[in-house]
Amino acid sequence: MSNPMPALGSPMLNRRRFLGDAGIGLGSIALAHLLSRQGLLGATVSGLEPLRPAIEPGRPYAPRKSHFDPKAKNVLMIFCSGACSHLDTFDYKPELIRRHGMPMPGQEKLITFQGEQGALTRSPWEFKPRGKSGKMISELVPHLGALADEMCFIHSMQGKTNTHGPGENYMSTGNTLDGFPSLGAWATYALGSSDQSLPAYVAIPDHRGKPQNSVNNWAPGFLPAAFQGTEFNATRPIRNLSRPGSIASDRDSATRGFLQRLNEQHAARFPGDSELAARIASYELAARMQLTVPEVADLSNEPAHILKLYGADEGGSKILETRAAYARNCILARRLVEKGVRFVQVFNGAYQTGGEGVSNWDGHKDLLGQYSVHGPVLDKPTAALLIDLKQRGLLENTLVVWCTEFGRMPTFQKGSKGRDHNPSGFTTWMAGAGVKKGFSHGSTDEFGYKAVENIVTVHDFHATILHLLGLDHERLTYYHNGLERRLTDVDGQVVKNVLA
Amino acid sequence: MGAAAGNVGVGWKSKDNPAGFPRIFAKLDPVPRLMLTSSSMTTDLRSRIAIWILSVVAVVTSSAAAAIAATPDTSTLPPAATRPVDFTREIRPILERSCLSCHGPEKQKGGFRVDSLPALIRGGETHAPAILPGNSANSAIIHLVAGLIPDSRMPAKGDPLSSAEISTLRAWIDQGAKAPDVAQVEEDPIRSHWAFRPVQAPAVPAVSVPAGAGANRTAAASNPIDAFVASRLMQDRLTPSPEADRVTLIRRLYFVMLGMPPSPEEVAAFVSDRKPLAFERLVDRVLDDPRYGERWARHWLDIVRFAESNGFETNRERLNAWRFRDYVIAAFNSDKPFDRFVREQIAGDALGVDVGTGFLVGGPVDIVGSPDPTLTLQQRADELDDMVSTTGTAFLGLTLGCARCHSHKFDPISHREYYSMVALFSGVRHGERALPLPAGRDAELKRIDSEMAGLERQLARFKEGANQTNGIPGSAAAATTLRPAVDFAINREEFPATEARWIRFTVLATTGSQPCLDELEVWSGNVNVALASRGTRATASGTLPGFAAHALEHINDGKYGNNFSWISSESGGGWVQLELAKPERIERVVWGRDREGAYRDRLPTDYRIEVATRTNEWRLVASSADREPLKTPVAKAKSKVPVYRFEGWSKAEAGEGRAALASLESLRKQRDVLAKSEMVYAGNFGSPGVTHRLHRGDPMSKREPVAPGTLAIFRPLNLSTNASEQERRVALADWIASPDNPLTARVIVNRIWQHQFGSGLVTTPNDFGRNGAKPTHPELLDWLASDLVSHGWSLKRLQRQILISATWRQSSRPRPDALRVDAGSRLLWRFPPRRLEAEGIRDTMLAVSGNLDRTAGGPAFYLHEVDRENVYHYQPKERFGPAESRRMIYAFKVRMEQDGIFGAFDCPDGSLVTPKRSVSTTPLQALNLFNSQFVLDEAEQFASRLRREAGGKVSAQIRRGWVLAYNREPDRREASDAAAFVASQGLPALCRAVLNSSEFVFIP
């Protein structure tokens, strides 16, 4: 098929770039549009050819080149399920304290997820200046507060749904609907992993159970199943990982050997069919994982001072036991990052028996009571994780990302002592490879209700994480159902201001 | 150069651009290429453009009258300049500065855009056409920029055009509104894109079939499929492969068509069948095998994103959605004509096949309710988008969903047309619906009714109250005056204080549908002891599934109103029971259907309230018997049950009475079963209401109302806004299922081909638009499509034709020469081998181990333990028994959560449509097959089967194992290797290895 009209290869620009230019006058760039065929703009259009990684069938986790020099090699994401309130942790709003008990101006009739709003309500936890930067952080998370100089806050996050399921989908996959690939799946699809005996992407659910939107948070979506997050934590090993108890070790390895002979003889009849070679390779990788995963998950050789740092050795009360379990997941996360696992996702909070707010951050009814549990559970182990990564030099090439599906209201719900969902403004933070330290980007309004300055959408947030991994979010695509799909859909702009 | 103009710069494929991603985005050119000279066009293209220009002129002429009629006073217009005007130098800058930001690629206010000449001339939703070439004085764009149209001066923002600019613009229009360098940019997609052109059967190429085609040359020469394939192979100097051996053929045939291997006996019979047309007869038998429907329904269910849970975080079960799965299986098995199959899925309710519309609501739905109106509108918009998008991809191979926020970037689907399609579905709601009773059921019910009436007459004298007053409160006999009729909002039932631990509210009839109670309060003094917060536990006969707002927990959550109410699963009946934390002295029960007064339906009209201090010692404390009847139609699930008393009658009389009562009871039970409608998750249909275009897809940005309709690509359907709900879907179904629709037949033919060969003739099965891949064999695709339509849309016939082709029967062995030219075997120089899908692997293991339960149809079995909290969680089972030994298509299809073993084999979860599964090979698959208890159990069972069927001799066991698992005898080396292995590790270990082996899971 010859191309009769090469001149029509006129360049397309993405819509955001177009708008940006439109702001300063159209100039010659708009000429391109004038020439463009109707509707060639947008959708997957990046103006650049998509860079689809070439996946070797037998080595889906082989390391692959990034689009440009990466700042971060690995990502460790901490996800607070249930929507952690920015107003009781990291987003200090003096005006909220001053107007405590008064209605929110202009929003008297506001209806949010669960209904009507009561008065503006200050956080029950006091905010204090932390570190050299003097960043105001609440007493709910003092250990994290002490690390303010390491962290890069984004206070102007904005979501687009106020429901947990779609919200977690959105933060984890860039789409509110079910069925899309998670950030970690995209990252490992693009980059593979540097370690070939561990899964490239590990999801560590809270020991109390899975997050509200369950496995969607680490789903492969329409990407090949190879890029699904492998699920395990310090309490629950990978399903079917270990040799079945009923099979003796020597029989197990003899069977593996016999299977390999069967497969090699079969493959010899189909020379050049890479799928068959891939299958043989997958059993080899599985055998290696069978050895390495239990090793990496075995925390018994962690020294006492490390266990103490995380609070992993504590007990005696429900809170301390819960915290210790989360702490062990944090240690596991560090060990995986240490081994070179590309993407690790740690969950804090689960949807479990007991309903809202009891085992996750969904504080509708009794903010003080609920967060008095969740705050301490999160605080010390997460802070220890940062300290530990730093002391091992791992923060140099690991990007730590803390996030949640959306924020909470500055008001209490009418007739209740808790805060309703609020996707209009919330906080996330990053630390480590490639991001500024002791820095805050963007802000919400005076009460912390809506992001107003330097708004960062979830797509922008994802674009930035991919950028730090050396990936152009506009060029990393996968064809599905009629579209070159991207993590960032048709939006997303790297938040340059947070880059170191 | 077949489709020159349809191919302008997009969508072609090449080695380094395998999916045909538009090359137009290949690189960002720093200096935009502005010139497009006619010398770069082919003659073909030039003539197409000429045609196009003629059609534009025709449009302009026909609408000119209207435009002129509305002409305002043009005398004030600046005169047209007299010099020749150059578009690029003079006009384009004006458009860029003043128009483009609102009428360009980013926004198209009023549906108008100036970045392509045809669009500029055509105009928007109003003031169209914008330009009458040669007639600037009457061109709407001039009136607009000159401010002649009140309140519509353009540009709406920024400085108005100067007189000089208007003069220039007028001159350009008067000189013919030409832009020699850009005019060609927009071609007519409807006529130029291959998939939008009418299907016409091309001539079958005359090819001499190369010797390589082997034994079946006669068939090859006579099957047009082979002629098309051979002719394409020849272009690349490739030759087909010889026919595969018979064992391979039957194994391939069974895997592809039935999803599991043949039995050793079936293989032996076929291999030794020396009569002519042995394979053809085998194909016929296979197509008649009921396993065929089970296998092929799975493919269709992927395409229509079928699953049995709601998805999103609540992920509740749809307990009767399986009927749609069974319907699809039956449709394949009965070779339902495909056009009929299409119609039934879109409008089955109009065709007496209600279950078909399970298609419409097969997708995920977010049932989390909120008073926040934005959320509710967004959820509804998402539901409708799922219906429109799935209809588009499944039947038309078009990504309609792309036009939700803006006009489609590649295909002729406008933003407005998308909402016309939405309007076709806007009366469809998620939920279950009662199926009509089967034919003949009425007569049967009448017979039972008359029998029951006879028995009731016999029993009349024993009826409570007939000859005695028993004093039970609530009975008609005890009441002197009747209480007022039941009230929708609130009903207070007072009775002498009594001790109770359990309170049961039984509904015997309602005003219609399943009864609803928004709250059931039980008062002890001034305390409502029923509240869940006091430790009271509620149970019920059944709860309407799928609605968080109507979950059982709402019966005693202290919240009033419809959004916090319980609805029974049973139409006209059901009970709810409260167990108090401790026995209480109660004196009042208060209940209502909707305390907020908004709903006037589902009200219990006939009910009993009983209490107990010990289980099963119920005492009636109140009932509807002493109430006035409600003056609205009452739906009775069961006739009111009178109480009969036999005390005080003679032994013989009482005995007679008791016998009559027993017969009556048994008939009643029989009647209840027969009269009960079966429910299916197939949606509910209500008023479609008014559909609006939503600006940028935002449900809060409603724009003009849109009438129901379809795309302009083919005889567009334009319905009136008054069209009834069903009428809309019937019209759509007819439009899609029309033999003249250029897409429907092509798309299904391609899907069939894809599942028979592993890859379609078009590798983007859900995108036949301009961004999709082009067919490898366009003529073959069209020939098959036209053949399908002209033979009554029979899919079995189509499949048979493919199966008996020499192309399908080729060997799958790789050949280095051919691999070098066509590594993906896309040109079909061999049969491309591939891995079985998740379901195929599981089914095959069960079949080979001898454990497969062939029970077909009915409710699903579960691969998960279900944690039925407010949010449902599904934990993959670790141990399986006989209950889980049916084919995997009968497993409860959960969204989000995968089966713990086979999910890792790229098994989709029905959240999105999956036209083509990815095939990945991962270590988790290996771990699951090698270590899971399921596979170990199957290996044990397989080993016992071998001992049972082959006796104690190891060599015989091995032979039997190979024949069962691989359909072939082991060669000498394999046999001795296996014997040595069994000697040291035992037969189950051998079976474990075989079930894990590549040969076991590959379609040869």
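Residues numbered from 1 in each chain as written. Chains lettered and ligands numbered in written order. Predicted model: local features only at pLDDT ≥ 70, side-chain atom pairs only at ≥ 80, totals over all residues.

Participant: An account of the overall build of chain B is needed here, citing residue identities and associated values.
Facilitator: Looking only at helices and strands, chain B features 30 helices and 20 strands. For chain B, the residues scored as buried account for 50% of the 1004 residues in total. Contacts in chain B between residues far apart in sequence, at least 24 positions, make up 72% of those at least 6 positions apart. (Helix = DSSP H or I, 4+ residues; strand = E, 2+ residues; numbered from the N terminus. Buried ≥ 20, exposed ≤ 12 C-beta atoms within 10 Å, placed from the backbone. Contact = placed C-beta atoms within 7 Å.)

Participant: Can you tell me about the overall build of chain A, naming the residues and giving the values?
Facilitator: Check the secondary structure of chain A and you find 12 helices and 20 strands. Burial statistics for chain A: of 500 residues in total, 61% are counted as buried.

Participant: Could you give me a rundown of helix H10 (residues 318-339) of chain A, with the residues and numbers involved?
Facilitator: Owing to its 3.6 residues per turn, the α-helix brings residues three or four apart onto one side. If you check H10 of chain A, its first and last C-alpha atoms are 32 Å apart, about what 22 residues at 1.5 Å a residue would give, namely 32 Å. Phi for Gly340 of chain A, located one or two positions after H10 of chain A, is positive at around 100°. (Expected span 1.5 Å × (residues − 1).)

Participant: Quick one: what's the story with the sheet that holds strand E3 (residues 115-120) of chain A, residue by residue and with numbers?
Facilitator: Read from one edge of the open sheet, three strands run E2-E3-E12 (chain A), paired in antiparallel fashion. In the strand order of this sheet, the two ends are held by strand E2 (111-112) and strand E12 (411-413) of chain A, each with one partner. (Pairing = 2+ DSSP bridges.)

Participant: For the confidence of the model for chain B, give the residues involved together with the corresponding values.
Facilitator: Residue and element names in this part refer to chain B. For chain B, the mean per-residue pLDDT works out to 85, and 87% of the residues sit at or above 70. pLDDT under 50 marks residues 1-70. Its contacts with residues more than four places away, or in other chains, come to 119 contacts. Low confidence marks residues 211-220, where pLDDT is under 50. Its contacts with residues over four positions away, or in another chain, come to 19 contacts. For this predicted complex, the interface confidence comes out at an ipTM of 0.79, alongside a pTM of 0.73. (pLDDT = per-residue confidence, 0-100.)

Participant: Tell me about the confidence of the model for chain A, residues and numbers included.
Facilitator: Across chain A, the average pLDDT comes to 87, with 89% of residues at 70 or higher. Counting contacts from residues 1-47 of chain A, a segment whose pLDDT is below 50, to residues more than four positions away or on other chains yields 121 contacts.

Participant: Summarise the pairing of strand E5 (residues 519-524) of chain B; cite the residues concerned and give the values.
Facilitator: Residue and element names in this part refer to chain B. The sheet contact formed by E5 and strand E9 (residues 574-592) spans five bridges and is antiparallel. Directly across from Trp523, in E9, lies its bridge partner Arg588. Once E5 ends, the chain turns through two residues before running back antiparallel as strand E6 (residues 527-528), passing Gly525 with a positive phi of about 60°.

Participant: Before we move on, can you summarise the environment of Thr404 of chain A with the specific residues and values?
Facilitator: All names here are of chain A. Tracing the sequence through the fold places Thr404 in strand E10 (residues 398-404). Put simply, Thr404 and Arg208 are 196 residues apart on the chain and 17 Å apart in space, counted from C-alpha to C-alpha. Setting aside residues up to four positions removed in sequence, Thr404 forms contacts with Phe79, Cys80, Ala83, Cys84, Trp361 and Phe426.

Participant: How would you explain the pairing of strand E5 (residues 135-138) of chain A if you had to name every residue and give the values?
Facilitator: Residues and elements named next belong to chain A. Judged from the four bridges that link them, strand E4 (residues 127-130) and E5 form a sheet pairing that is antiparallel. Bridged to Pro129 within E5 is Met136. Here E4 folds back onto E5 in antiparallel fashion, the turn holding four residues, of which Gly131 has a positive phi close to 60°.

Participant: Tell me about the packing of helix H20 (residues 744-757) of chain B against helix H21 (residues 778-790) of chain B, and name the residues and values.
Facilitator: Residues and elements named next belong to chain B. Here H20 crosses H21 at 110°, and the two axes come no closer than 9 Å. Between H20 and H21, the angle falls in the class roughly perpendicular. The residues of H21 that touch H20, namely those facing Ala745, Arg746, Val749 and Asn750, are Leu781, Leu784, Ala785, Leu788 and Val789. Looking at the contact of H20 with H21 residue by residue, the class counts come to seven nonpolar, one polar and one charged. (Axes fitted to C-alpha atoms, helices over the stretch in contact; angles between N-to-C directions. Parallel < 35°, antiparallel > 145°, perpendicular 65-115°, else oblique. Nonpolar A, V, L, I, M, F, W, Y, C, P; charged D, E, K, R; others polar.)

Participant: Give me the lowdown on helix H13 (residues 322-333) of chain B, citing residues and values where you can.
Facilitator: Residue and element names in this part refer to chain B. With 12 residues, H13 extends 17 Å between its outermost C-alpha atoms, agreeing within 8% with the 16 Å of an ideal straight helix rising 1.5 Å per residue. Burial analysis of H13 places 11 of its 12 residues in the buried class, which makes it a mostly covered element. Buried residues of H13: Trp322, Arg323, Phe324, Arg325, Asp326, Tyr327, Val328, Ile329, Ala331, Phe332 and Asn333, and no others. Turning to H13, the residues buried within the fold contact helix H12 (291-303), helix H14 (338-347) and strand E13 (679-680). Count one or two residues on from H13 and you reach Asp335, which has phi positive near 50°.

Participant: Can you tell me about the environment of Gln577 of chain B, naming the residues and giving the values?
Facilitator: Positionally, Gln577 of chain B belongs in strand E9. Linking Gln577 of chain B and Thr74 of chain B, residues 503 residues apart in sequence, is a C-alpha distance of 80 Å.

Participant: Summarise the environment of Met104 of chain A; cite the residues concerned and give the values.
Facilitator: Residues and elements named next belong to chain A. Within the element layout of this structure, Met104 appears in the loop between helix H3 (94-98) and E2. Classification of Met104 as partly exposed rests on a count of 19 C-beta atoms within 10 Å. With 298 residues separating them along the chain, Met104 and Trp402 place their C-alpha atoms 29 Å apart.

Participant: I'd like to hear about unusual backbone geometry, residue by residue, with values.
Facilitator: Residue and element names in this part refer to chain B. Backbone torsion omega between Met154 and Pro155 reads -5°, so that peptide bond is classified as cis. Among the secondary structure elements, Pro155 is positioned in the loop between helix H4 (140-145) and helix H5 (163-174). Its identity as a non-glycine residue notwithstanding, Ala177 has a phi of 50°, on the positive side. Tracing the sequence through the fold places Ala177 in the loop between H5 and helix H6 (189-192). Note on Ala177: 25 C-beta atoms within 10 Å, which makes it buried.

Participant: Which residues make up the packing of helix H26 (residues 933-950) of chain B against helix H29 (residues 987-996) of chain B, and what are the values?
Facilitator: All names here are of chain B. The geometry of H26 relative to H29 is characterised by a closest axis approach of 8 Å and an angle of 120° between their N-to-C directions. As summarised for this structure, H26 and H29 are arranged oblique, according to the angle between their axes. Once H26 is placed against H29, the crossing between them reads as right-handed. Residue-level contacts link Val935, Leu936, Glu938, Ala939, Glu940, Phe942, Ala943 and Leu946 of H26 to Leu987, Pro988, Cys991, Arg992 and Leu995 of H29. Each residue belonging to the contact of H26 with H29 can be placed in one class, and the counts come to 10 nonpolar, no polar and three charged. (Left-handed = near helix turned anticlockwise from the far one by under 90°.)

Participant: How would you sum up the nonpolar core? Please name residues and give values.
Facilitator: Within the largest apolar cluster, 287 residues are counted, with the highest numbers of intra-cluster contacts made by Val75, Ala333, Val344 and Leu399 of chain A. Not counting the four nearest positions on each side in its chain, Val75 of chain A is found in contact with Ala187, Phe343, Leu399, Val401, Ile465 and Leu469 of chain A. If you look at the next biggest cluster of nonpolar residues, it comprises 30 residues, including Leu508, Ala509, Ala530 and Trp566 of chain B. (Core = buried A, V, L, I, M, F, W, Y, C linked by C-beta atoms within 7 Å.)

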